[in-house]
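Overview (structure and organization)
Next come the chains, spelled out residue by residue.
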Amino acid sequence: MENNNNQIGGTNLIVEIDKSLFVRWKNNAGCILPQQWVFGDLGPECEPIDVYNCFLCDDIIKTIVIETNRQALKYKPNWTNTNEVEIKNFLAIVMYTGLVSYPKISDYWSRQPLFYNTFIPKIMPRNRFQELLRFFHVSDNDTIVYGDRLGKIQPLVGCCIFTTINNQIIGI
């Protein structure tokens, strides 16, 4: 059998993994424990918002704010600028709409008994959500290189790649 001595983490960086976190041995038989994730400096007590904040860091949120405001001002001169809190609320609603499906986006703000939702209207008015959805941008269209298929989402992709490279992700 060939001995493979590749180091995890790259040149001059040794990463030690405590296998007891993932596998318990009894009678020389491996037993898989419930799924556990180790992500960068986050431990088992971390909350889902901690993992979310690792991927959607403050830099990307600020970029979304700047580019969304830039795009909106091109088409709507009386645009009320958005901010980091509003974009985070907007993204929370977008994620919620992916989990709870209604026929139309406006149904999340409906007062009809079939669609009544107390969560979404407290976060943001329907018209403001639809404005943000219309003008949501991650990059400046004027600086995108012709033929770059990822140009419109390049800052988001770059942030995700940076986060993945700089954090060790382990899961069973």
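Let's shift gears to the packing of aromatic side chains. By the definition in use, this model includes 8 aromatic pairs. Relative to F129, the ring of W109 has its centre 5.3 Å away and its plane inclined at 45°; by these criteria the two rings are tilted. Here the residue W109 occupies a position in the loop between α3 (84-99) and α4 (120-123), and F129 occupies one in helix α5 (residues 126-135), the gap between them amounting to 20 residues. The exposure class assigned to W109 is buried, which follows from its relative accessible area of 13%. Among the aromatic residues, ring-to-ring pairing joins Y96, Y102, Y108, F115 and F119 into one connected group. In this structure, R128 packs its charged tip against the face of W79, placed 4.4 Å from the ring centre.

Another aspect to go through is the pattern of salt bridges. Overall, the coordinates contain 7 salt bridges when judged by the stated rule. A salt bridge links R70 to D140, with the nearest nitrogen and oxygen atoms 3.7 Å apart. Of the two residues, R70 sits in helix α2 (residues 58-75) while D140 sits in the loop between α5 and α6 (154-166), which places them 70 residues apart along the sequence. Here R70 falls in the partly exposed class, since its relative accessible area comes to 34%. Of the residues examined, D140 reaches a relative accessible area of 12% and is grouped as buried. Between E131 and K76 there is a salt bridge; the shortest N-O distance is 2.1 Å. Of this pair, E131 sits in helix α5 while K76 sits in the loop between α2 and α3; the two residues are 55 residues apart in sequence, bridging distant segments of the chain.

With 70% of its residues at a pLDDT of 70 or more, the protein chain has an overall mean of 77. Per-element confidence in the protein chain ranges from a low mean pLDDT of 49 for strand β1 (residues 23-26) to a high of 95 for α5. Low pLDDT, under 50, characterises residues 1-9; the stretch is placed with 8 contacts to residues that sit more than four places away or in other chains. For the stretch residues 17-24, pLDDT sits under 50, and the model shows 20 contacts to residues farther than four places along the chain or on other chains.

It is worth spelling out the side chain of S110 at this point. By secondary structure assignment, the location of S110 is in the loop between α3 and α4. Residue S110 is classed as buried on the basis of its relative accessible area, which comes to 13%. Polar contacts involving the side chain of S110 include one to the main-chain amide nitrogen of Q112, which spans 3.1 Å. With residues up to four places along the chain from it excluded, the contact list for S110 reads F115, Y116 and N117.

Before going further, it helps to examine the nonpolar core. Among the nonpolar cores identified, the biggest contains 22 residues, and I60 and I87 are the most heavily contacted of them. Elements represented by at least two residues in this core include exactly α2, α3 and α5. Among the elements that line this core, the one with the most residues is α2, at 5 residues. In contact with I87, not counting residues within four places along its chain, are I61, I64, V65, T82 and L132.

The rules behind each value
- Starting afresh in each chain, residues are numbered from 1 along the sequence in its written order.
- In keeping with the predicted nature of the model, local features appear solely for residues at pLDDT of at least 70, side-chain atom pairs appear and are counted solely at 80 or more, and the whole-chain, interface and lining totals rest on all residues.
- Water and hydrogen atoms were dropped before computing side-chain values, which therefore reflect all heavy atoms in the structure.
- When the centres of two rings from Phe, Tyr and Trp lie within 6.5 Å, Trp using its six-membered ring, the rings pair. Their planes under 30 degrees apart give stacked, over 60 give edge-to-face, and anything left gives tilted.
- Secondary structure elements follow DSSP: runs of H or I of four or more residues count as helices, runs of E of two or more count as strands, with numbering from the N terminus.
- For every residue, the accessible area obtained with a 1.4 Å probe (protein chains only) is divided by the maximum for its type, and the residue is called buried under 20%, exposed over 50%, and partly exposed between those limits.
- Our definition puts a charge over a ring when NZ of Lys or CZ of Arg is within 6 Å of the ring centre and also within 35 degrees of the ring normal.
- Criterion for a salt bridge: a side-chain nitrogen of Lys or Arg within 4 Å of a carboxyl oxygen of Asp or Glu.
- The predictor reports its confidence for every residue as pLDDT, a score running from 0 up to 100.
- Whether two residues are in contact is decided by their heavy atoms, any of which lying within 4.5 Å being enough.
- Any N or O atom pair separated by 3.5 Å or less is treated as a polar contact, with the protein-specific requirement of one donor-capable and one acceptor-capable atom, and with residues adjacent in sequence counted only for side-chain atom pairs.
- Buried Ala, Val, Leu, Ile, Met, Phe, Trp, Tyr and Cys residues that are joined via side-chain atoms within 4.5 Å together make up what is termed a nonpolar core.

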